Structures are given as structure tokens and as C-alpha cells.
Amino acid sequence: AAVTRNPAYASGPQHVSAHDFSCGSGRGRGMVVSGRVTMNLTNGELTHNCGGGLLARDFMRDLAVAGTPAPRMYKGYLWNCPGMGIGHLKLRLSNTTVANNTGSHGAGVMLALVFSSDVVIEKSTLRHNLALYSKGIAGEPFEGNFTQSSGGGIAVATMLKKASSVKLVDTIVHGNMAGVYGGGVALEGPGRVTMERCVISGNLCCGTGAGVYGVDANVELNDTRIEGNRVDQLEASVMHEGHSYELHRAIESLSYTIDNQEALGPPSLQDYNNGPSGSRLYGNGGGVCIRLLTNLTMSHTVLRDNHAYAAG
């Protein structure tokens, strides 16, 4: 079945399959999947959406779960109110192009997983997506939370003490941009994320971790190439979908300066993406940047020709 309406919604419990589908040129997310859904998407396109390509989360908004802290990458009312349809999300995205979308977290794909869910993205391409929380258009005032400009290609936020699994297999993440973290891939939370035979290349961010950025994450890289990514101060604007964006202003929106930071002590998980403890570490990790409690395993993986203006 072809999915042509935009945005397209699926909420659980239900089973959904779409082949040769297209969700594009919309004013919100191209596709939103919520709750206990089993979904198989093949040979499709999620392109040119101004709210991002795909948002998949294994909860809905109806009932609150007390004491469930949200990862910084997905903080807000949507995370704090999971309810009906909660549970095991099973999503497989195959032979699909997610391209030229503009959004905040996870401009191409955003995964928010509280429970034991499984996501596989295989033989797909995530390219030329822009993560910037704000209009960010050159010449206009910058508005928005700078921390919400992460994961140009894909962002994954998982819940503490829950066992979700996300796999990228034979997938290309290329030419994506983010205002702050993870031009290609941004990860937060302990759910296992595996990248196998993937290419993470030509991605750009202004903050940290242009290729892959992880905080308190669990990451495994197998037979993967991370090359040609760069962290850049970007004094000039960049073009995306016919508009000129000032990505570097996401960093400038931070209200603290280097002069305030000496007495702050080391960063902590509580304030890492908010306030000065995050700002002191910009400019690092052209290829990969991991922080705090991240567990990183690499096998037969190549890091080449990545650049950062500070270190790494």
C-alpha cells in the first residue's frame, strides 16, 4: 500500500506495512508512529518535510508515568506522558530514502524508546537533512532551545534501565547538518545501537560529534566507515531547501561564556546539555564524540579525514 497523505500517522496496537510509499513536502513530520505498532516500510521516500522525516516512539500521550526522566535529547510533554498503546514497537525501514527534511532532534529520523522495542533501518539512505530548533534563517532573530538541534540524519533517545535495540545495517548517513550535536547521528540513553556495514560521511555540525555523537549511550560499530565529517564554527550561512540558515547561532544562543566556567566543576548528566558545562566542550569529535557513561565498541571500523576545530 502506498502512503501518500502527509503527515501519516500510525498508533498502536496495530500492524502496518507500506511498499513504494511516499511522504513528502509536508509542514510537519512526514510520518509519526506511536505505541505498540509493528510496521514494515520498504522502497519508500520521506523527503522535503519541514518538521522532520520520521518520528517513531513506543508510547502515546494519554496517561502519565510518574518518575520517568526524559533524555535531554527528547525532553518535553510527549516524553513525559506515555500511556495507551505503550509497549513493544517493532519498526523495519528498508530500501528507503529519508532526505532533505528540516527539523529539530532527528531531522531525518527521530526514535524515542521507553520500552523494549526493536528498530531496524537497512539498505537505506539518510541524507541532506537539517536539525535546527528555530527558524534559523539568515537575517532573522534566533529563537529556540539550542540543545534541540541535534542528530541531522538520525537521533535516538532511549529510557534508563530499559532494553531497546536499534540497528542500522548497510545504511548511508551522508551530508546531514545539525546546529549543535551529531551532524549525522546523535544518541542518548542505554538502549543498544548497532551500526553494521554503514557509511557515516560528509556530515556537519557546529558543536560536537559531526559523524556520531553519544552521551550516556551504548554504541557498537562494525565494518563501518566514518569519514569526511567536520565540526565547523561556520561563520557563514549554509543553504538548505532554498533557504539560508545560520547554524552557528544555535551555539551562540547559549547564555554562558568561557569566563563563567572555571568554578563550575566537571559536567554532570543532569546539566550536560543545559548551561555552561556543555558549552566548554564544543569543537570536538569530527568523526566520533562520546561522553559521560557511553559504552563504545568498534570492530573493523575506519575513521578517516574527519575534522574538528578544537580536538579529535
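For the structure itself, look to the data block above.
Residues numbered from 1 in each chain as written. Predicted model: local features only at pLDDT ≥ 70, side-chain atom pairs only at ≥ 80, totals over all residues. Heavy atoms only, no water.

1. A short note on the overall build of the chain
Spelled out, the test is: Only DSSP runs of H or I with at least four residues qualify as helices, and only runs of E with at least two residues qualify as strands; both kinds are numbered from the N terminus onward. Only protein chains enter the accessibility calculation, which uses a 1.4 Å probe. A residue is then buried if its area is under 20% of the maximum for its type, exposed if over 50%, and partly exposed in between. Any two residues whose heavy atoms approach within 4.5 Å at even a single point are treated as in contact. To measure how exposed things are, a 1.4 Å probe is used in the Shrake-Rupley method; for residues, cover is taken only from the protein chains shown.
A tally of helices and strands in the chain yields 3 helices and 31 strands. Relative to its full complement of 312 residues, the chain shows a buried share of 57%. By sequence separation, contacts in the chain at least 24 residues apart represent 75% of the contacts at least 6 residues apart. Carbon and sulfur atoms make up 50% of the accessible area of the chain, which totals about 12700 Å².

2. Observations concerning the side chain of Thr301
Put simply, the rule is: Counting of polar contacts relies on pairs of N or O atoms within 3.5 Å, with two restrictions inside protein: one atom must be capable of donating a hydrogen and the other of accepting it, and residues adjacent in sequence are counted only when both atoms are side-chain atoms.
Here Thr301 is to be found in the loop between β30 (295-299) and β31 (302-304). A distance of 3.1 Å separates the side chain of Thr301 from the backbone oxygen of Leu221, its partner in a polar contact. If we skip the residues at most four places from it in the chain, Thr301 touches Leu221, Asn222, Asp223 and Thr224.

3. A look at the nonpolar core
What counts is decided by this rule: We define a nonpolar core as any set of buried Ala, Val, Leu, Ile, Met, Phe, Trp, Tyr and Cys residues linked to one another through side-chain atoms lying within 4.5 Å.
Met31, Met39, Leu111, Ile154, Leu187 and Met195 are the most contacted members of the largest nonpolar core, which has 39 residues in total. When neighbours within four sequence positions are excluded, Leu111 is seen to be in contact with Ala56, Leu91, Val119, Ile154, Ala155, Val156, Ala157 and Val166. Counting residues in each nonpolar core, the second largest holds 17 residues, with Leu55, Ala112, Phe115 and Cys289 among its members.

4. Side note on the environment of Gly53
With respect to the helices and strands, Gly53 occurs in the loop between β6 (45-47) and β7 (54-57). In this structure the C-alpha to C-alpha distance between Gly53 and Met31, which are 22 residues apart in sequence, comes to 6.4 Å. Not counting residues within four places of it along the chain, the set of residues in contact with Gly53 comprises Arg29, Gly30, Met31, Leu46, Val98, Asn101, Ala107 and Gly108.

5. A closer look at the sheet that holds strand β10 (residues 102-103)
Put simply, the test is: At least two bridges found by DSSP between two strands are what make those strands a pair.
Here we have 5 strands laid out as an open sheet, ordered β10-β14-β18-β22-β26, and parallel in their pairing. Of all strands in the sheet, those with a lone pairing partner are β10 and β26 (230-231), marking the two edges. With 2 bridges joining them, β10 and strand β14 (residues 130-131) adopt parallel strand pairing. Directly across from Gly103, in β14, lies its bridge partner Ala131.

6. Quick notes on the pattern of salt bridges
Condition: Whenever Lys or Arg places a side-chain nitrogen within 4 Å of a carboxyl oxygen from Asp or Glu, that contact is recorded as a salt bridge.
In this structure the tally under the stated criterion is 7 salt bridges. It is possible to trace a salt-bridge network through shared partners that takes in Asp170, Glu196 and Arg197.

7. Observations regarding the pairing of strand β29 (residues 288-291)
Of the two faces of β29, the one holding Cys289 and Arg291 is buried and the one holding Val288 and Ile290 is not buried anywhere. Pairing of strand β23 (residues 212-215) with β29, which is carried by 4 bridges, proceeds in the parallel orientation. Its bridge partner being in β29, Tyr213 is matched across the sheet by Cys289.

Read these as spatial facts, not as claims about activity.
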